[in-house]
Amino acid sequence: MPSLAFTKAHGAGNDFLVVERDDLDRLGIVGERIPELARQICSRRFGMGADGMEVVGALETPVALARAQLWNSDGSKAEISGNGTRCVAAYLADRGGVPDRFMIDTGAGPRQLDRIRAESPEFEFRMATDPRACRVVDESLLLEVQGRRLAVTAVDVGNPQCVHRVETFDFDWRSLGAALECHPHFPDGSNVSFVKVDAAAGRRVDLHVRFWERGAGATLSSGTGCLGAAMAARHHGWVGDPVDIYAEGGCLSVDWADGIRLTGPARIVGRGEFEV
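Fair warning: this is a prediction, and the values are worked out from it, not measured in the lab.

### Section: the environment of A68
Here is step 1: Mapped onto the fold, A68 is located in strand β4 (residues 66–72).
Here is step 2: What makes A68 buried here is its relative accessible area of 4%.
Here is step 3: For the pair A68 and A58, spaced 10 residues apart in sequence, the C-alpha separation works out to 9.0 Å.
Here is step 4: Discounting residues that sit within four places of it in the chain, A68 has contacts with E54, V55, V88, I104, D105, T106 and G107.

### What to know about helix α3 (residues 82–96)
Side chains that are three or four residues apart share a direction in an α-helix, a result of its 3.6 residues per turn.
Here is step 1: For α3, which comprises 15 residues, the first-to-last C-alpha distance of 21 Å matches the rise-based estimate of 21 Å (1.5 Å per residue) to within 8%.
Here is step 2: Within α3, 12 of the 15 residues are buried, which leaves it mostly tucked inside the rest of the structure.
Here is step 3: Along α3, the residues classified as buried are G82, N83, G84, T85, R86, C87, V88, A89, A90, Y91, L92 and A93.
Here is step 4: N-capping of α3 is provided by S81, with a side-chain oxygen placed 3.5 Å from the backbone N of N83.

### Quick look at the pattern of salt bridges
When charged atoms on two side chains of opposite charge get close, those side chains can pair.
Here is step 1: Enumeration over the complete set of coordinates arrives at 16 salt bridges.
Here is step 2: With a shortest N-O distance of 2.8 Å, D15 and R44 are connected by a salt bridge. Highlighted residues: D15 in strand β2 (residues 14–20) and R44 in the loop between α2 (33–42) and β3 (52–57), separated in sequence by 29 residues.
Here is step 3: Judged by its relative accessible area of 49%, R44 is partly exposed.
Here is step 4: As a salt-bridge pair, R101 and D114 come within 2.6 Å of each other at their nearest N and O atoms. Linking R101 in strand β6 (residues 101–106) with D114 in strand β7 (residues 109–119), this pair joins segments that are 13 residues apart in sequence.
Here is step 5: Residue classification places R101 among the partly exposed positions, given a relative accessible area of 49%.

### Concerning the packing of aromatic side chains
Here is step 1: Tallied over the entire structure, the rule returns four aromatic pairs.
Here is step 2: Taken together, a centroid distance of 6.1 Å and an interplanar angle of 90° make the contact between F102 and F125 edge-to-face. Highlighted residues: F102 in strand β6 and F125 in strand β8 (residues 122–129), separated in sequence by 23 residues. Each member of the pair, F102 as well as F125, carries the same accessibility label: buried.

### Things to note about the pairing of strand β13 (residues 206–213)
Here is step 1: For β13, the tally of buried residues reaches seven of eight residues, placing the bulk of the element in the interior.
Here is step 2: Taken together, the seven bridges between strand β12 (residues 191–198) and β13 define a ladder with antiparallel strand orientation. Bridge pairing in β13 places V197 opposite L207.
Here is step 3: Bridge count for β13 against strand β15 (residues 243–247) is two bridges, and the pairing is parallel. Directly across from H208, in β15, lies its bridge partner Y246.
Here is step 4: With three bridges joining them, β13 and strand β14 (residues 217–219) adopt antiparallel strand pairing. The residue bridging E213 from the neighbouring strand is G217, located in β14.

### A word on the nonpolar core
Here is step 1: Counting 50 residues, the largest nonpolar core has L92, I104, F125, L207, V243, I245 and V254 as the members making the most contacts within it.
Here is step 2: The residues touching V254, leaving out its near neighbours within four places in the chain, are C226, L227, A230, D241, P242, V243, I245, I260, R261 and L262.
Here is step 3: The next biggest cluster of nonpolar side chains, apart from the first, holds 17 residues, and it includes F6, L37, A50 and F274.

Cut-offs used in this document
Residues numbered from 1 in each chain as written. Predicted model: local features only at pLDDT ≥ 70, side-chain atom pairs only at ≥ 80, totals over all residues. Heavy atoms only, no water. Helix = DSSP H or I, 4+ residues; strand = E, 2+ residues; numbered from the N terminus. Buried < 20%, exposed > 50% of the residue type's maximum accessible area, 1.4 Å probe, protein only. Contact = heavy atoms within 4.5 Å. Expected span 1.5 Å × (residues − 1). Polar contact = N/O pair within 3.5 Å; in protein donor to acceptor, adjacent residues only side chain to side chain. Salt bridge = Lys/Arg side-chain N within 4 Å of Asp/Glu carboxyl O. Phe/Tyr/Trp six-rings, centres within 6.5 Å; stacked < 30°, edge-to-face > 60°. Pairing = 2+ DSSP bridges. Core = buried A, V, L, I, M, F, W, Y, C linked by side-chain atoms within 4.5 Å.

And the structure:
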């Protein structure tokens, strides 16, 4: 039976399986077989288990070190994952090393990464996004969902983000996230962030967030979700610069020192062969 080599990594609990495009081509996994593979290999019960599959392939632009294409665990294709891109960076660093600064091409365009720490299996990278690629689409969007009207902020960070401020997570945010993901206002679906502002006196304001990701469901963290939450929060004046974002799987930070930068960990947790 043919097998496919994979590396599993996570960014603050948001986990990905990294595979090589050349290996998929060798096994004849092309076209519609790729989303089928993503569903199989990402299955928590019947596969290796992950929120998504990152396919690392040959360059399409001479300025990038590699190209990463993301498929969610449900087989849908996504533009970019902030955590997934850092996991790809960790894979490249562990495989053969990376320079202090390099580029990875994604479905949302190239992203610049700075290597902060590289002590395998633990890595940390700062990913910069051109501010022109990030924007608040609608600062005061009212959506009818689950029998009530909900105020959200729509943000584009290379993928769609829907941000809703809450005072507590003591409600069924997963059900609400699933409803918002598929809301008719978002014909292509949306990622969803539930944001709680932690403004204790005497210290910098932080964000605590729960994530429902398009094509993956509830995740312990989301890199682009952190970008979307930080952009919405700064737009509304809830936070300053920089801001720490605490998710269930760990903490990431966003700053605006040179573009819009997301800093966070990436850890390689294993390698293996998946029987195709």
